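So you can see what is in the structure, the chains are spelled out below.
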Amino acid sequence: MIHIREDELVSFANDELDVERARQVKEHLSVCRPCHQQFLLIQELTIEWQEPSTHSSVDLTDQVMNTLFKSPPAVSVTPRASRWKIYVHFGLAATAAILFSFFNATDALQEKSEKVIVSATNRMEKVETAIKQKNSILGSISIKWTNGGDK
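Presented here is a report on the structure given in the accompanying data block. Note that this is a predicted model, so its numbers are computed, not measured. (Residues numbered from 1 in each chain as written. Predicted model: local features only at pLDDT ≥ 70, side-chain atom pairs only at ≥ 80, totals over all residues. Heavy atoms only, no water.)

**Side note on helix H1 (residues 6-13)**
- Taken residue by residue, H1 has Glu8, Leu9, Ser11 and Phe12 as its buried positions. When H1 is viewed along its axis, its buried side chains cluster within an angular range of 160° and face the same direction.
- Those residues of H1 that are buried are in contact with helix H2 (19-31) and helix H3 (33-50).
- Within two residues after H1, Asp15 carries a phi angle of roughly 55°, on the positive side. (Buried < 20%, exposed > 50% of the residue type's maximum accessible area, 1.4 Å probe, protein only. Helix = DSSP H or I, 4+ residues; strand = E, 2+ residues; numbered from the N terminus. Arc of directions from axis to C-beta. Contact = heavy atoms within 4.5 Å.)

As structure tokens, this is what we get:
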């Protein structure tokens, strides 16, 4: 069974479909449970979007704050340990940058990537040439066949 697209269900919910298509969608919704459930969800969301509720039965702020104060901290990091990690990471990054520039690693990587691109381009050209030759041969066979062969 082919299901109704979500954008069509939205259009149906907003009475934006033509009469014939609306009738087809209505018939489909009467027999297709997944589409009907999707339509009910779209209707509910549309109503909520058009008329948002202004009150909440639970004060979300109090609930979140109570949860935060009751739970233990996830990670206890001392300022000295975090500074040490920052210095180590900074030193490693600086070392990597110096090594890359010293050994011209970026140039080597760029050259290798250019070679790969050239190689791939050459292979694509060879494949295109082979396809053209094949099509040419097939075309000549087709011409011979329609003319009754060489006489």
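**Some words on the pattern of salt bridges**
- If you walk through the whole model with that rule in mind, you get 4 salt bridges.
- Between Arg23 and Glu20 there is a salt bridge, with its nearest N and O atoms 2.5 Å apart. In this pair, Arg23 and Glu20 are both assigned in helix H2, 3 residues apart and thus about one turn of the helix distant.
- For Arg23, a relative accessible area of 39% translates into the label partly exposed.
- For Glu20, a relative accessible area of 41% gives the class partly exposed.
- The shortest N-O distance in the salt bridge between Glu27 and Arg23 comes to 2.3 Å. Placement of the pair is Glu27 and Arg23 together in helix H2, with a separation of 4 residues, close to one helical turn.
- For Glu27, a relative accessible area of 44% corresponds to the partly exposed category.
- Counted as one network, the salt bridges with shared partners bring together Glu20, Arg23 and Glu27. (Salt bridge = Lys/Arg side-chain N within 4 Å of Asp/Glu carboxyl O.)

**As for the environment of Ile42**
- Residue position: Ile42 is located in helix H3.
- Between the C-alpha atoms of Ile42 and Phe12, which are 30 residues apart in sequence, the distance is 9.9 Å.
- Excluding its chain neighbours within four sequence positions, the residues that come into contact with Ile42 are Glu6, Leu9, Val10 and Ala13.

**What to know about the packing of aromatic side chains**
- One pass over the structure, following the stated rule, counts 1 aromatic pair.
- Between the aromatic rings of Phe12 and Phe39, the centroid separation amounts to 5.3 Å while the plane-to-plane angle is 55°, which identifies the pairing as tilted. Here the residue Phe12 occupies a position in helix H1, and Phe39 occupies one in helix H3, the gap between them amounting to 27 residues.
- Judged by relative accessible area, Phe39 falls into the buried class, the value being 9%. (Phe/Tyr/Trp six-rings, centres within 6.5 Å; stacked < 30°, edge-to-face > 60°.)

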